[in-house]
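Remarks on the overall topology
Residues per chain, in single letters:
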Amino acid sequence: MLSVECICIDDKNRPKEIPANKWLVEGNKYTVIYTIIVLPQRQLAFNLEEIELDESCKPYEYFLASRFAFTEDNLEKLMELIELCNETSFSLDELMKQTELAEL
């Protein structure tokens, strides 16, 4: 399965339902293994290889894409992963609205 490396750029506002040991750390690298469009916000969100949001974190199951940055090469991989997971395509413009570019 395709996975995509990214870096956390926003670890603020941790929901109280998610324990600190299952939360992101700004500046740390993570690996996106699954993407989904969450409703009702209609925002791109991720499952990460390094952190599993389980039943204890309900209603939270995914991390919003806006919390991460990607290299240009990894943005292309991310677009491919989005298509595989959601059977939909994102334009590069739309992807840039929900993520950031970074040097990893």
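In this report, the structure presented in the accompanying data block is examined.

How each quantity is defined
- Residues numbered from 1 in each chain as written.
- Predicted model: local features only at pLDDT ≥ 70, side-chain atom pairs only at ≥ 80, totals over all residues.
- Heavy atoms only, no water.
- Helix = DSSP H or I, 4+ residues; strand = E, 2+ residues; numbered from the N terminus.
- Buried < 20%, exposed > 50% of the residue type's maximum accessible area, 1.4 Å probe, protein only.
- Contact = heavy atoms within 4.5 Å.
- Areas by Shrake-Rupley, 256 points an atom, 1.4 Å probe, with all protein chains shown as cover.
- Core = buried A, V, L, I, M, F, W, Y, C linked by side-chain atoms within 4.5 Å.
- 1 Å grid on protein atoms, 1.4 Å probe; cavity = no way out; pocket = protein on both sides within 12 Å on 5 of 7 lines; lining within 4 Å.
- Points joined across faces, edges and corners; volume = space filled by probe spheres on them.
- Nonpolar A, V, L, I, M, F, W, Y, C, P; charged D, E, K, R; others polar.
- Salt bridge = Lys/Arg side-chain N within 4 Å of Asp/Glu carboxyl O.

**As for the overall build of the protein chain**
Regarding its fold elements, the protein chain presents 2 helices and 6 strands. Secondary structure of the protein chain in N-to-C order comes out as β-β-β-β-β-α-α-β. Looking at the protein chain residue by residue over its 104 residues, the buried ones come to 40%. A separation of at least 24 residues holds for 58% of the contacts in the protein chain among residues at least 6 apart in sequence. Carbon together with sulfur atoms contributes 45% to the accessible area of the protein chain, which is approximately 6,300 Å² in total.

**With respect to the environment of Glu52**
Structurally, Glu52 can be placed in the loop between strand 3 (43–48) and strand 4 (63–64). A C-alpha to C-alpha distance of 8.9 Å links Glu52 and Tyr62, two positions 10 residues apart in sequence.

**Digging into the side chain of Thr31**
Along the polypeptide, Thr31 turns up in strand 2 (residues 29–38). Apart from the residues lying within four places of it in its own chain, the contact partners of Thr31 are Ser3, Val4, Glu5, Asn47, Leu48, Glu49 and Glu50.

**Topic: the nonpolar core**
Membership of the largest hydrophobic core comes to 24 residues, with the highest contact counts inside it found for Val32, Phe46, Phe68 and Phe70. For this core, the secondary structure elements donating two or more residues are strand 1 (4–8), strand 2, strand 3, strand 5 (68–70) and helix 1 (72–86). In terms of residue count, helix 1 provides more of this core than any other element does, 5 residues in total.

**Structural notes on unusual backbone geometry**
Along the chain, Lys58 connects to Pro59 via a cis peptide bond; the corresponding omega equals 10°. Position of Pro59 among the secondary structure elements: in the loop between strand 3 and strand 4. For Asn13, which is not glycine, the phi torsion reads 60° and is therefore positive. You can see Asn13 is positioned in the loop between strand 1 and strand 2.

**Thoughts on the layout of surface pockets**
Put simply, the largest pocket is a space of about 300 Å³. Surrounding the largest pocket, 16 residues form its lining, Val38, Gln41, Tyr60, Tyr62 and Leu64 being those nearest its centre. Of all the elements in the fold, those that place two or more residues in the lining of the largest pocket are strand 3 and strand 4. Grouping the constituent residues of the lining of the largest pocket by class yields 11 nonpolar, 3 polar and 2 charged.

**Description of the pattern of salt bridges**
Enumeration over the complete set of coordinates arrives at 5 salt bridges. Put simply, Asp10 and Arg67 hold a salt bridge, and the shortest N to O gap is 3.6 Å. Pair noted here: Asp10 is in the loop between strand 1 and strand 2 and Arg67 is in the loop between strand 4 and strand 5, with a separation of 57 residues, a long-range link. A relative accessible area of 25% places Asp10 in the partly exposed class. Assessed through its relative accessible area of 13%, Arg67 is described here as buried.

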